[in-house]
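# Observations on the three-dimensional arrangement
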Amino acid sequence: MTTLTESVSVERDGDVAFVVIDNPPVNALSFHVRQGLLDGVNQAVGDGAKAVVVICEGRTFIAGADITEFGSPPKGPSLQDVQAVMEDCPIPVIAAIHGTALGGGLEIALCAHYRVAVDSAKFGLPEVKLGLLPGAGGTQRLPRVVGVAKALSMMTSGQPIGAQEAAEYGLVDEVVDTLRSGALSFADRAVSNGWPLSRIRDRNEKLAEGTPELFESFRAGIARKTRGFLAPEYNVQCVEAAVNLSFEDGLARERELFMELMTGPQSAAQRYYFFAERAANKVADVPRDTPKLSIERVGVLGAGTMGGGIAMNFLNAGIPVTIVEREQAALDRGLAVIRKNYERSAKRGSISAADVETRMNLLTPSLDKNDFADVDMVIEAVFEDMDLKKTLFAEFDAICKPNCILASNTSALDINVIASVTSRPQSVIGTHFFSPANVMKLLEVVRGDETSDTVIATTMALAKTINKVAVLVGVCHGFVGNRMLFVRRLEANQMVLEGATPAQVDRVLYDFGFPMGPFAMSDLAGLDIGWKAETSTSSSIRELMCESGRRGQKNGRGYYTYDAETRASTPDPEVETLIREFAQSQGIEQREVSDQEVLERLLYSMINEGAAILQEGIAARGSDIDVVWVNGYGWPVYTGGPMYWADSIGLDKVVEQINHYYQNSGASHWKLAPLLSRLAASGEKLQNAVP
Ligand code: 3H9
């Protein structure tokens, strides 16, 4: 074995040279990997090897370019230099793939003459998720292998495909049982049979399917999902270039568009966000090696929308769930909804019909909380009533085995008060899922004063197992997400009293990149949640709306009127009159409110609240707040999240406007958070701030 660089070595097995990459954690293409690969292939040829296998140690094949190197001056050979050496190599080069071949990693594999993989391997070009496109020929080579339609879908979704599918599309030449010996056998056969040195760049037959109609319909198909993002469209343009231009010209076009994205604000925000999400899973005062509890079975109390959705997360991960309801009818309804959701997924093809049954079989329905006796974690998902929660947690305390984690899905209530009724407050934690809980990625994990390190570490790890992005937060009303949402709602309501229309407020947020604004969201949720006719006193717009029979989307009348068939919404003049008259009765003079003011008041109020949350230690880092808002509330990731966005505007400007709105309104949520004031003065960033 010869060591070439700190991460690459080369070793011989008969006629075959193995170039071995070992660059933990994910074998990213750092400069020493590129150098080693280039030297390794050259050395193999120089030493008289008859074939080269590129293979990785550790958990994965190359997972992409080294994102930490982006923005730094180039060092070592470029990816393209390495690719040229592989592609033009006079002996067969075989990529041996396990784990994930992603981004630059797949682009390297596409420059081998052949690819072998184990069954569990995955292949993808996820650059779009970083606001980028594959910048090392991937946009030109992938469509030449898998065809135009498949390449478009892989590149614009960033979703990887498995080895079997990759083999069907010709991306993998052989699926092997054992990577190293399988690759060796493949290489020996390539040599003894004189298989050609197949270069993907020379293959054009699959490009013919790329008609203008195909591109047009593909664009229409992704328009809604990719609204506001630059990268998906640029990826499509690169595939168009693959179809319409020569390989070399296509590469040049790819380079040009790649550089534009790389130096633009969207990719900067999305790359920041990539690391923000990974940082969120680390807890500064809970050591990484903290022992974790084993979670073999979970209990969920409540089979409503929330409880059912929560249960599905565990079933999806193969963890059995005991779900308990008060009455048979509610339990049956809950189970039917879960089954319906799975059947819908099976119909769409995202899971198989067999998966539906496997998952349903992991679910044990019950009407008896005593069935929680053998679970390792119980999650309460009943409605927000502190007395009820206290009663339930006292029962859990009596029923559940020692070390069982007692979790509440409360979205705002005090975990410490809930914990106080148990004899084991160290085992109590908040797990705030977002609706629909089987879909939304965010999990706010709420630590109480006495929650143990073990319980925190276990819950954070469990979140990853069930495919959630977890953010650890402290106790306060509404935690991070809802507390910031409350101030945004206050401002939205205040502005419509001052003369903005609900449609204007919603449009401003929609144009910023949110899926919908606060009024459309209220209509969707139902205006009458928590409203009671008997106690309604016409003292707010919402009460007036409910009193006049407006319930939101469910009865076709809310802030908007909804078409019974298409669900299309139209602003309602009656609502505007109702608001105007109420404002008058309150002595509020209406005026024109500019879109800029709407945007600032909705979002700067949140930034100020976010800074206060950070200062109080409710969030552990500024970037955690961004993770909450991007994953839980649809903040557009291409602006990074509220803290990153505030930094990009300039904290001094934000502070100036916050002070302005405080002077105008005197409202307590506009009182400048001291942390924000300090950061603005020192030129530090909110995204990097810690309490
Ligand atoms: C690209 O390739 C551009 C090219 O087209 C060519 C340009 C010319 N670089 O996610 P995990 C770190 S763009 C540097 O927790 P998992 C990560 O920060 C790239 N570091 O593990 C974390 O560090 P820490 C295209 C990276 O098992 C640790 O590895 N590729 C990179 O859940 C573990 O990560 C991608 O976008 C990287 N590329 O998931 C793939 N990737 O422990 C991005 C990870 O200090 N990566 N790290 O927090 C992933 O999707 C996941 O990390 C992966 C593993 C699926 C690989």
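Above this text you will find the structure in question.
Treat the numbers as computed from the prediction; the structure is a model and nothing was measured.

## Overview of the nonpolar core
Judged by nonpolar contacts, the single largest core of 100 residues is most densely connected at Leu603, Trp629, Leu676 and Leu686. The element best represented in this core is helix H23 (residues 595–615), accounting for 11 residues. Those residues in contact with leucine 686, other than ones at most four positions away along the chain, are Ile607, Ala611, Leu614, Gly622, Met643, Ala646, Asp647, Leu651, Leu675, Leu676 and Leu679. Core analysis: the second largest hydrophobic core is formed by 75 residues, Val16, Val54, Ala101 and Ala136 among them.

## Observations concerning the site of the ligand
Close to the ligand lie 28 residues, the nearest being Arg59, Glu107, Glu127, Arg278 and Lys282. Within the backbone of alanine 63, one N or O atom sits 2.9 Å away from a nitrogen atom of the ligand. When the ligand is considered free in solution it has 1000 Å² of accessible area, and contact with the protein chains removes 77% of it. When residues of the shell around the ligand are assigned to their parent elements, the largest contribution, three residues, is made by helix H11 (residues 265–280).

## Describing a positive patch on the surface
Together, Arg59, Arg278, Lys282, Arg288 and Lys464 make up a region of like positive charge exposed at the surface. In this structure, lysine 282 sits in the loop between H11 and strand E11 (298–301). Judged by its relative accessible area of 40%, lysine 282 falls in the partly exposed class.

## A word on the packing of helix H19 (residues 502–512) against helix H20 (residues 518–525)
With their axes 7 Å apart at the nearest point, H19 and H20 run at an angle of 105 degrees to one another. Judged by the angle between their axes, H19 and H20 are roughly perpendicular. Contact residues: H19 offers Pro502, Val505, Asp506 and Leu509, while H20 offers Pro518, Phe519 and Ala520. Per-class residue counts for the contact of H19 with H20 are six nonpolar, no polar and one charged.

## Here's the deal with helix H5 (residues 148–157)
Across the 10 residues that make up H5, a large majority, seven, are buried. For H5, the complete set of buried residues consists of Val148, Lys150, Ala151, Leu152, Met154, Met155 and Thr156. Where H5 is buried, its residues contact strand E8 (122–124), helix H4 (138–146), strand E9 (161–162), helix H6 (163–168), helix H8 (212–222) and helix H9 (231–244). Phi turns positive one or two residues past the end of H5, at glycine 158, with a value near 75 degrees.

## Some remarks on the pattern of salt bridges
What the rule picks out here adds up to 37 salt bridges. Glutamate 248 is the salt-bridge partner of arginine 201, the closest N and O atoms lying 2.5 Å from each other. A residue pair is termed long-range when its members are at least 10 positions apart, and arginine 201 in the loop between helix H7 (179–192) and H8 and glutamate 248 in helix H10 (residues 247–262) qualify at 47 residues. Under the relative-accessibility criterion, glutamate 248 is labelled partly exposed at 45%. One salt-bridge network, in which partners are shared between bridges, spans Glu491, Glu498, Arg591, Glu597 and Arg601.

## Things to note about the packing of H23 against helix H25 (residues 642–649)
Between H23 and H25, whose axes approach to 10 Å, the crossing angle comes to 110 degrees. With respect to H25, the axis of H23 lies roughly perpendicular. Pair H23 / H25 crosses with left-handed handedness. Listed contacts from H25 to Leu599, Leu603, Tyr604, Ile607 and Gly610 of H23 are Pro642, Met643, Trp645, Ala646 and Ile649. Here the contact of H23 with H25 is composed, by residue class, of nine nonpolar, one polar and no charged.

Procedures and definitions
- Residues numbered from 1 in each chain as written.
- Predicted model: local features only at pLDDT ≥ 70, side-chain atom pairs only at ≥ 80, totals over all residues.
- Heavy atoms only, no water.
- Core = buried A, V, L, I, M, F, W, Y, C linked by side-chain atoms within 4.5 Å.
- Buried < 20%, exposed > 50% of the residue type's maximum accessible area, 1.4 Å probe, protein only.
- Helix = DSSP H or I, 4+ residues; strand = E, 2+ residues; numbered from the N terminus.
- Contact = heavy atoms within 4.5 Å.
- Near = heavy atom within 4 Å.
- Polar contact = N/O pair within 3.5 Å; in protein donor to acceptor, adjacent residues only side chain to side chain.
- Areas by Shrake-Rupley, 256 points an atom, 1.4 Å probe, with all protein chains shown as cover.
- Patch = residues over 30% accessible without salt bridge, like charges linked within 9 Å, V, L, I, M, F, W, Y side chains within 5 Å.
- Salt bridge = Lys/Arg side-chain N within 4 Å of Asp/Glu carboxyl O.
- Lys, Arg positive; Asp, Glu negative; His and termini not counted.
- Charge placed at Lys NZ, Arg CZ, Asp CG, Glu CD.
- Axes fitted to C-alpha atoms, helices over the stretch in contact; angles between N-to-C directions.
- Parallel < 35°, antiparallel > 145°, perpendicular 65-115°, else oblique.
- Nonpolar A, V, L, I, M, F, W, Y, C, P; charged D, E, K, R; others polar.
- Left-handed = near helix turned anticlockwise from the far one by under 90°.

These figures come from the coordinates and say nothing about function on their own.
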